[in-house]
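What follows is each chain in one-letter form.
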Amino acid sequence: MRFQIKPLSCAPHHRDRDNPGNIGRNDAMGEFSLTAIDTLSSLALMADSSDLDAERFWETVGEVVRIYWYNEPKECDVVTENCGEKTSSWGRFHNRSRESRGFDIDAKVQVFETTIRTLGGLLSAHLFATRSLASLPNGVQPKYKYKDELLDLAYDLGLRLLPALTESPTGLPYPRINLRYGLPHKIKNPAYYRYPRRAPHPHPDPRPWTPAGEHQSEQRWGSPPKPGSVKETASEEITETCTAGAGSLVLEFTTLSRLTGDLQFQEAAKRAFEAVWDRRSDLGLFGGGVDAESGLWNGPVGGVGAGMDSFFEYAFKAFVLFAGDEFGEDSWFWKVWEQSSKAVRTHMRMEIPTMWWSNVHLGTGAPVQGASSWTDSLSAFWPGLLAASGEVEEATRGNLFYSALWSRFSALPERWNIRTGLVEGGLGWYPGRPEFAESTYMLYRATKDPWYLYIGEMIMRDLKRRCWGKCGWAGLQDVKTGERQDRMESFWLGETWTYLFLLFDEDHPLHKGDDPWVFTTEGHPIILPKSKQRTRSSGAYPAPPLSCPNPAPTSIPFFSTTASRPDVFHASHFTRLHLLPKTPPTELSLLQPSDLDIYAENSYFWSPSNSTFYPWTLPPYLVSPDSICSRLPALESFDLIFPQPKAQLSSASGSNDVFGATAAGIVKRVQGGISISGSMRGVRMGMTNEHGVLRITNIGGTSLGKSEIVFLEDKVIDKSGTTMDPNFQIVLEHEYVDLIVQYADDIRAAKREEELKQVPIIPETKTALGELLSRLGFTSLETQLNDLLSLYNDEGDGGDNDETTPTSTSSPQLHAFAGIVPTGIGAVDIPITTPAFTNIHILKNPACAPIQTNSIPKTAQVLIVPRGSCSFSQKLKHVPSFIRLVIFLDKNTLAPQDLVRPLLDKENEYGTMAVMVAGGGKEWEKEVGSLTLRRRWSVWVKNIRVGNIVVL
């Protein structure tokens, strides 16, 4: 069995042993039959409608088992075959022991690619072979007895991959491992070949081999290697792995554990998944690459495409696969999916002029120079995942963009620049990626809209026309010129054509029933074996909704709900389809119906109507000649530029200068956004009108994320109202205030940290630790402690004082919550800023009866009272006179904008201040150590409110 075959030259395509650093070839190709194993599940799927494919499935399974498990030569038919030239099972491999089995191969492979392609392919094929997944016809049986050998091979491979996870100090898997020798000793300075590792499984039937009894091709198995034979040499090891590679092992490894009973696989994969999840930013975003040893992100860019895609996918699919599982982890994975998809929706989703997803800075959510101007073809999976999770409307809108982009190039380029409308950075290849076909299939399953059948037809016709070669499917080196690659990736058959096949097979057995099976990220269907005791999760996390927010419509207008959408042509404009010529060049002929025949000569294409109408496979009678689209959405954007500093200001002019004194404003990035101090002079703000509210998108060219804030420090602008610029007004709000909170635990932690800084430096002593460090060549213990303490202590400038006074740099984290101010005759004006209240008491009862004075300490300043059971005035009447602030806690409300303004319709006898906050979350369950009230200032530009600016 060849490893892979080149589709154009029909030559074998295998591992590059001459250049082990060629990871483009070697990561997935470990000198085993990659395409055959990756395609086993596709053969099983197609066997439902073809006995021939069923026979091919069983024949391929038999060959894989013979070669890789039993390690036996193929029987030779002397009548029909030249037995003298017959190759054995392992004759082509260097240093392959006759007594070994499984994947005992001297090849370093990528853990992620080998897991999803090979391990997943073996597990899925085993599930089909044992009828755990329905598709194989009962009328076609193998010519041998299947004895779970595919599962044995999967177990062998899993054991060889496992050390990449279990020997990592962070839980994040090392990216590569040698299938024979395992991980290198000292990962940065590998020594692969000093300590060979025995294969996990010996041969089942060891026999004495004699030269007379061996096949001719086996006679040199025990001989020394030939002169000039290539053996892979060690090289500097790369410890960076991608987010998808670290988090996308949980489906395959958990399935392996459940089928074998060996739980170490699922435990290691769950640990790796959690290691990625625990490293998310405060915004809930991930980087594209993370170091397995340090655990640090290797770059600031986050997205849903290359390097990050299948982490999101496995969060949702793990929830589906583990539904009702006795381990009860399905709700935890739902929580991960819910929070991570919300972060994507908040920070990455763009909606103008059509929906797409941008790359952003994982810490700020702001666009990243260069990276935010392009999207990649792998991100085309996202609409399909949204559709599977029930977000059908969002998925539909997003898939329109990829449909139009495919129509533009008759493929998806690896990267496309949204600003220029051109291929990004010369990355115009298409290796046969399945993500767009996958989303099309998922959306059709969710909606049954015939639009997606026409999309699928377009994909198939384009692939046949451009990619079919004499011996397989060739990737495109350039989607613009049609130059082809002499390489067929295993996912051509394992994924791309699988999704397209199922798109048109409405009656496939997998489309019936409700068993919790899923596709892995490599397109392999898997399902967990049914347990005798299946229970729902314990309820530690809330259960997901039982219905989709966008159910399929009962009636379809025109012929398709998607084709009838008012925004269907917005994607055409976004991808520049309207700029393509409307008539074909004279040398091109229109596509003929026979173009789907792989032997057809016609390879030309032009849209039969107008390229703006997509997909081009839409029949002309469905394209109205006088169709028009709805108005393209656009955002009003402008720059607000403040005057430059004046060289000199008189005292008179300075007093009326709304923009501050002579100095320019100081702009700096801070946690949560950008601060402006000193003055507003010289500041340039880019603003966008989003649904009637202005958002500052950049300050002086520095981009802001969607959730980032611009902080105006005090006195940068006149707030008295005596002077106001009509284009920049600051108004005191009367309805909402901010509650600035420090939790007691944070205050205590900061105090402990401060006390540790005051610990005197330990003098050098000849302790066992110090002596050991010295012998190992490290710095002394005293020096190390000094280095550590110097991170915290800022030394003084010396001066006349010889003693160094450490300066505190630690302070408890501040949390801001919005509160709504009462109205009515009992409402008390709240000052601009109150002092910090440090004695906060929480009342368990709703204060509808007089409060016992001995139940509240006399030192209490703030009283938190639950809402309900009586009026707000009654509650306030029962509050002791020494309480300065009452906080009404509405436990049924999560968002401050959903609060109802309290009415105090009775006199406030003690003049007690009051606010109401949303208490539906857990924010107010913690002990509050300090609390300050601060009035809010709103900023208005052109009489439109600015939503992301805070005046301090």
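Predicted model, so just to flag it, every value in this text is computed and none were measured.

**A look at the overall build of the protein chain**
Part 1: Counting secondary structure elements, the protein chain contains 22 helices and 32 strands.
Part 2: Each of the 952 residues in the protein chain was classed as buried or not, and the buried ones make up 52%.
Part 3: Per element, the accessible surface of the protein chain, about 44000 Å² overall, is 52% carbon and sulfur.

**Some details on the sheet that holds strand E18 (residues 666-670)**
Pairing between sheet strands relies on hydrogen bonds along the backbone, with the strands arranged either parallel or antiparallel.
Part 1: With respect to topology, four strands assemble into an open sheet ordered E18-E19-E23-E32, the strand pairing being mixed. Because the sheet does not close on itself, it has two edges, and the strands there are E18 and strand E32 (949-951). Taking the axes of each pair of neighbouring strands and ignoring which way they run, one obtains an average angle of 20° across the sheet.
Part 2: One ladder, built from four bridges, connects strand E19 (residues 673-677) with strand E23 (residues 709-712); its direction is parallel. For Gly673, the partnering residue across the bridge sits in E23 and is Ile709.

**A short note on helix H11 (residues 330-347)**
Part 1: For H11, spanning 18 residues, the distance from its first C-alpha to its last is 26 Å, which sits close to the expected 26 Å at 1.5 Å a residue.
Part 2: Within H11, 13 of the 18 residues are buried, leaving the element largely enclosed by the surrounding structure.

**Some details on the pattern of salt bridges**
Part 1: Applying the stated criterion to the full structure yields 31 salt bridges.
Part 2: Residues Arg66 and Glu63 are paired through a salt bridge, measuring 3.2 Å at the closest nitrogen-oxygen approach. Of the two residues, Arg66 and Glu63 both sit in helix H3 (residues 51-70), three residues apart, roughly one turn of that helix.
Part 3: Residue classification places Arg66 among the buried residues on the basis of a relative accessible area of 15%.
Part 4: A residue is classified by how much of its surface remains accessible, and Glu63, at 17% relative accessible area, is buried.
Part 5: Across the salt bridge formed by Asp462 and Arg465, the nearest N and O atoms sit 2.5 Å from each other.

**Things to note about the state of the cysteines**
Part 1: For the structure on display, the rule yields two disulfides.
Part 2: There is a disulfide in this structure between Cys10 and Cys471, and the S-S distance comes to 1.8 Å. Between Cys10 and Cys471, the S-S torsion sits near 95°, and that sign places the bridge as right-handed. Of the two residues, Cys10 is situated in the loop between strand E1 (4-5) and strand E2 (12-13) and Cys471 in the loop between strand E13 (468-469) and strand E14 (472-473); the sequence distance between them amounts to 461 residues.
Part 3: A relative accessible area of 25% means that Cys10 is categorised as partly exposed.
Part 4: The side chain of Cys848 participates in a disulfide bridge whose partner is Cys870; the two sulfur atoms lie 2.1 Å from each other. Here Cys848 and Cys870 share a disulfide; its torsion about the S-S bond, -90°, makes the bridge left-handed. You can see Cys848 sitting in the loop between strand E26 (840-842) and strand E27 (862-866) and its partner Cys870 sitting in the loop between E27 and helix H22 (872-877), a full 22 residues away along the chain.
Part 5: Its relative accessible area of 27% is what places Cys848 among the partly exposed residues.

**Observations regarding the UniProt feature "active site" (unreviewed entry) in the protein chain**
Part 1: Sites flagged by UniProt as "active site" (unreviewed entry) map to Glu113, Asp309, Glu414 and Glu435.
Part 2: Its location among the elements puts Glu113 in helix H4 (residues 111-129).
Part 3: Residue classification places Glu113 among the buried residues on the basis of a relative accessible area of 18%.
Part 4: As for its placement among the helices and strands, Glu435 is situated in helix H14 (residues 435-447).

**Structural notes on empty space enclosed by the protein**
Part 1: Following the criterion strictly, the structure yields five cavities of 30 Å³ or more and no others.
Part 2: By volume, the largest cavity is sized at about 50 Å³.
Part 3: In terms of residue count, the dominant contributor to the lining of the largest cavity is strand E11 (residues 374-376) (three residues).
Part 4: When the residues that make up the lining of the largest cavity are grouped by side-chain class, the tally is three nonpolar, six polar and one charged.

**Here we look at the packing of H4 against helix H5 (residues 149-161)**
Part 1: Look at H4 against H5: their axes get within 8 Å of each other, and the N-to-C directions meet at 160°. Taken together, H4 and H5 sit at an angle that is classed as roughly antiparallel. Judged by the twist between their axes, the crossing of H4 over H5 is left-handed. Between H4 and H5, the contacting residues are Val111, Thr114, Thr115, Thr118, Leu119, Leu122, Leu123, Ala125 and His126 on the first element and Leu150, Leu151, Leu153, Ala154, Leu157, Gly158 and Leu161 on the second.
Part 2: Looking at the contact of H4 with H5 residue by residue, the class counts come to 11 nonpolar, five polar and no charged.

**Things to note about the packing of aromatic side chains**
Part 1: If you walk through the whole model with that rule in mind, you get 44 aromatic pairs.
Part 2: Plain terms: the ring middles of Phe817 and Trp924 are 5.4 Å apart, the flat faces sit at 50° to each other, and that makes the pair tilted. Taken together, the residues span a long stretch of sequence, with Phe817 in strand E25 (residues 815-820) and Trp924 in the loop between strand E29 (913-918) and strand E30 (928-941) at a distance of 107 residues. Judged on exposure class, the residue Phe817 and its partner Trp924 are both buried.
Part 3: The aromatic ring of Trp374 is capped on one face by Arg415, whose charged end is 3.7 Å from the ring centroid.
Part 4: Positioned over the ring face of Phe638 is Lys942, at 4.3 Å from the centre of the ring.

**A few points about the UniProt feature "binding site: Ca(2+)" (unreviewed entry) in the protein chain**
Part 1: UniProt's entry tags Thr521 with the feature "binding site: Ca(2+)" (unreviewed entry), counted in the numbering of this structure.
Part 2: With respect to the secondary-structure elements, Thr521 resides in the loop between strand E15 (518-519) and strand E16 (525-526).
Part 3: When neighbours within four sequence positions are excluded, Thr521 is seen to be in contact with Ile116, Ser310, Glu313, Tyr314 and Glu495.
Part 4: Within the structure, Thr521 has its side chain in polar contact with the side chain of Glu313 (distance 2.9 Å).

**Quick word on the side chain of Gln266**
Part 1: Here Gln266 shows up in helix H9 (residues 264-277).
Part 2: Residue Gln266 is classed as buried on the basis of its relative accessible area of 8%.
Part 3: When residues no more than four places from it in sequence are discounted, the contact partners of Gln266 are Phe253, Thr254, Ser257, Arg258 and Phe327.

**Focus on unusual backbone geometry**
Part 1: Cis geometry is adopted by the peptide bond preceding Pro353, which originates at Ile352 and carries an omega value of -5°.
Part 2: Summarising the element assignment, Pro353 is placed in the loop between strand E8 (349-350) and strand E9 (356-357).
Part 3: Looking along the chain, the bond that leaves Tyr614 and enters Pro615 is cis, with omega of -10°.
Part 4: Here Ser869, not a glycine, exhibits a phi torsion of approximately 80°, which is positive.
Part 5: Ser869 sits in the exposed class, given a relative accessible area of 72%.

**Some thoughts on the nonpolar core**
Part 1: Ranked by size, the top nonpolar core spans 157 residues in total, and within it Phe57, Trp382 and Leu463 carry the most contacts.
Part 2: Considering each element in turn, this core owes the most residues, 10 residues, to H4.
Part 3: Every residue in contact with Leu463, bar those within four places of it in the chain, is listed here: Trp406, Tyr430, Trp468, Trp473, Trp492, Thr496, Trp497 and Leu500.
Part 4: Judged by nonpolar contacts, the second largest core, of 25 residues, contains Leu640, Met680, Val683 and Met685.

**Describing the packing of H14 against helix H15 (residues 451-467)**
Helix-helix packing is described using two parameters, namely the angle between the two axes and the distance between the axes.
Part 1: Remark: H14 packs on H15, axes separated minimally by 9 Å, with the N-to-C direction vectors making an angle of 160°. Looking at the two axes, H14 sits roughly antiparallel to H15. When the axes of H14 and H15 are compared, the crossing they make is left-handed. Two secondary-structure elements touch here, H14 through Phe436, Ala437, Thr440, Leu443, Tyr444 and Thr447 and H15 through Tyr452, Leu453, Ile455, Gly456 and Ile459.
Part 2: Considered class by class, the residues forming the contact of H14 with H15 number eight nonpolar, three polar and no charged.

**Concerning the side chain of Asp376**
Part 1: The residue Asp376 is located in strand E11 in this model.
Part 2: For Asp376, the contacting residues outside a window of four places in its chain are Gly305, Ala306, Tyr402, Glu414 and Arg415.

Cut-offs applied
Residues numbered from 1 in each chain as written. Predicted model: local features only at pLDDT ≥ 70, side-chain atom pairs only at ≥ 80, totals over all residues. Heavy atoms only, no water. Helix = DSSP H or I, 4+ residues; strand = E, 2+ residues; numbered from the N terminus. Buried < 20%, exposed > 50% of the residue type's maximum accessible area, 1.4 Å probe, protein only. Areas by Shrake-Rupley, 256 points an atom, 1.4 Å probe, with all protein chains shown as cover. Pairing = 2+ DSSP bridges. Axes fitted to C-alpha atoms, helices over the stretch in contact; angles between N-to-C directions. Expected span 1.5 Å × (residues − 1). Salt bridge = Lys/Arg side-chain N within 4 Å of Asp/Glu carboxyl O. Disulfide = S-S within 2.5 Å. UniProt positions renumbered as here; feature names shortened; annotations may be inferred. 1 Å grid on protein atoms, 1.4 Å probe; cavity = no way out; pocket = protein on both sides within 12 Å on 5 of 7 lines; lining within 4 Å. Points joined across faces, edges and corners; volume = space filled by probe spheres on them. Nonpolar A, V, L, I, M, F, W, Y, C, P; charged D, E, K, R; others polar. Parallel < 35°, antiparallel > 145°, perpendicular 65-115°, else oblique. Left-handed = near helix turned anticlockwise from the far one by under 90°. Contact = heavy atoms within 4.5 Å. Phe/Tyr/Trp six-rings, centres within 6.5 Å; stacked < 30°, edge-to-face > 60°. Lys NZ or Arg CZ within 6 Å of the ring centre and 35° of its normal. Polar contact = N/O pair within 3.5 Å; in protein donor to acceptor, adjacent residues only side chain to side chain. Core = buried A, V, L, I, M, F, W, Y, C linked by side-chain atoms within 4.5 Å.

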